[in-house]
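# Per-entry structural report
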Amino acid sequence: MNKTKRLEILTRLRDNNPNPTTELEFSSPFELLIAVLLSAQATDVSVNKATAKLYPVANTPEAILALGVEGLKEYIKTIGLFNTKAENTIKTCQMLVDLHNSEVPEDRAALEALPGVGRKTANVVLNTAFGWPTIAVDTHIYRVSNRTKLAMGKTVDDVEQKLLKVVPKEFKVDVHHWLILHGRYICVARKPKCGACLIEDLCEFKDKTD
């Protein structure tokens, strides 16, 4: 895909949604971190339902630690992999208290050192909570980037590096939100809704649908 076409895709996505953000509900960097940690292999909808009950009761590292693993499970048991996530969340909260004065660190290495937090989660937190121009590549973004030929790669890390290279600076902070929403609602996995796509004429996917 050439630079001109790529720029037009990004411009259209921006014009359609000038101020995109995550669909996870949060009111602090800590709430965002826990929501993203819980969202692995789960939908944002299911996470929001759980945190809507959890956060009014416990939305600080100390408060979640006070619940304990078993207490936390009662709030997140509707989310996939909740046993592992409860243990990781408690360990993460303990590390935030012990190492970071109960604050979410604005530092990639420190974030990735937290249990259950990988590169993608760190990217989301740095981008959404702190405004960093990071690009968190999930299955939706991987699919959209490869399918449209916006940024092709064999792994999520390959796609991330390609996007960081080809996406102009003015779009970097918001591009992962645009692509994830596009993949979630339009460029869906089984049968993309090409007829409803605002970049259909620019997309280089060969097997387009009506």
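Our structure's up above, just so we're on the same page.
In short, a report on the structure. Bear in mind that the values here come from a model prediction, so they are computed numbers and not experimental data.

### Section: the packing of helix α4 (residues 61-76) against helix α5 (residues 82-100)
Remark: α4 packs on α5, axes separated minimally by 9 Å, with the N-to-C direction vectors making an angle of 180°. In terms of their interaxial angle, α4 and α5 are classed as roughly antiparallel. Together, Pro-61, Glu-62, Ile-64, Leu-65, Gly-68, Val-69, Leu-72, Lys-73 and Ile-76 of α4 and Phe-82, Asn-83, Lys-85, Ala-86, Glu-87, Thr-89, Ile-90, Cys-93, Gln-94, Leu-96 and Val-97 of α5 make up the contact between the two elements. Here the contact of α4 with α5 is built from residues that sort into twelve nonpolar, four polar and four charged.

### Brief notes about the packing of aromatic side chains
Applying the stated criterion to the full structure yields one aromatic pair. Ring geometry for Phe-171 against Trp-178: centres 6.2 Å apart, planes inclined by 65°, an arrangement best described as edge-to-face. Judged by its relative accessible area of 1%, Phe-171 falls in the buried class. Assessed through its relative accessible area of 3%, Trp-178 is described here as buried. Over the ring of Phe-205 we find Arg-147, and its NZ or CZ is 5.1 Å from the ring centre.

### Remarks on helix α10 (residues 169-185)
With 17 residues, α10 extends 25 Å between its outermost C-alpha atoms, agreeing within 8% with the 24 Å of an ideal straight helix rising 1.5 Å per residue. Val-175 marks where α10 bends most, by close to 55°. Within α10 the residues assigned to the buried category are Phe-171, Lys-172, Val-175, His-176, His-177, Trp-178, Leu-179, Ile-180, Leu-181, His-182 and Gly-183. As for α10, its buried residues are in contact with α1 (3-16), α7 (119-128), α8 (139-148) and α9 (156-166).

The rules behind each value
- Numbering of residues begins from 1 in every chain and follows the order in which that chain's sequence is written.
- With pLDDT at 70 or above as the cut-off, local features in this predicted model cover only qualifying residues; side-chain atom pairs require 80 or more to be listed or tallied, and sums for whole chains, interfaces and linings still use all residues.
- Heavy atoms throughout the structure, all of them, feed into the side-chain values; hydrogens and water do not.
- To define axes, lines are fitted to C-alpha atoms, for helices over the stretch in contact only, and angles between the resulting N-to-C directions are given on a 0 to 180 degree scale.
- Here a helix means four or more residues in a row that DSSP labels H or I, a strand means two or more in a row labelled E, and each is numbered from the N terminus.
- Put simply, angles under 35 degrees are roughly parallel, angles over 145 are roughly antiparallel, angles from 65 to 115 are roughly perpendicular, and the rest are oblique.
- Two residues form a contact once any of their heavy atoms are found within 4.5 Å.
- In this classification, Asp, Glu, Lys and Arg are treated as charged, Ala, Val, Leu, Ile, Met, Phe, Trp, Tyr, Cys and Pro as nonpolar, and every other residue, Gly included, as polar.
- The aromatic pairing rule takes the rings of Phe, Tyr and Trp, using the six-membered ring of Trp, and pairs them if the centres are within 6.5 Å, calling planes under 30 degrees apart stacked, those over 60 edge-to-face and the rest tilted.
- Each residue gets one of three labels from its accessible area relative to the maximum for its type: buried under 20%, exposed over 50%, partly exposed in between, using a 1.4 Å probe on protein chains only.
- Over a ring means this: the NZ of a Lys or the CZ of an Arg is within 6 Å of the ring centre and within 35 degrees of the ring normal.
- Expected span of a helix, by definition, is 1.5 Å for each gap between consecutive residues, and there is one gap fewer than residues.
- To get the bend at a given residue, fit one axis to the seven residues ending there, fit another to the seven starting there, and take the angle between those axes.

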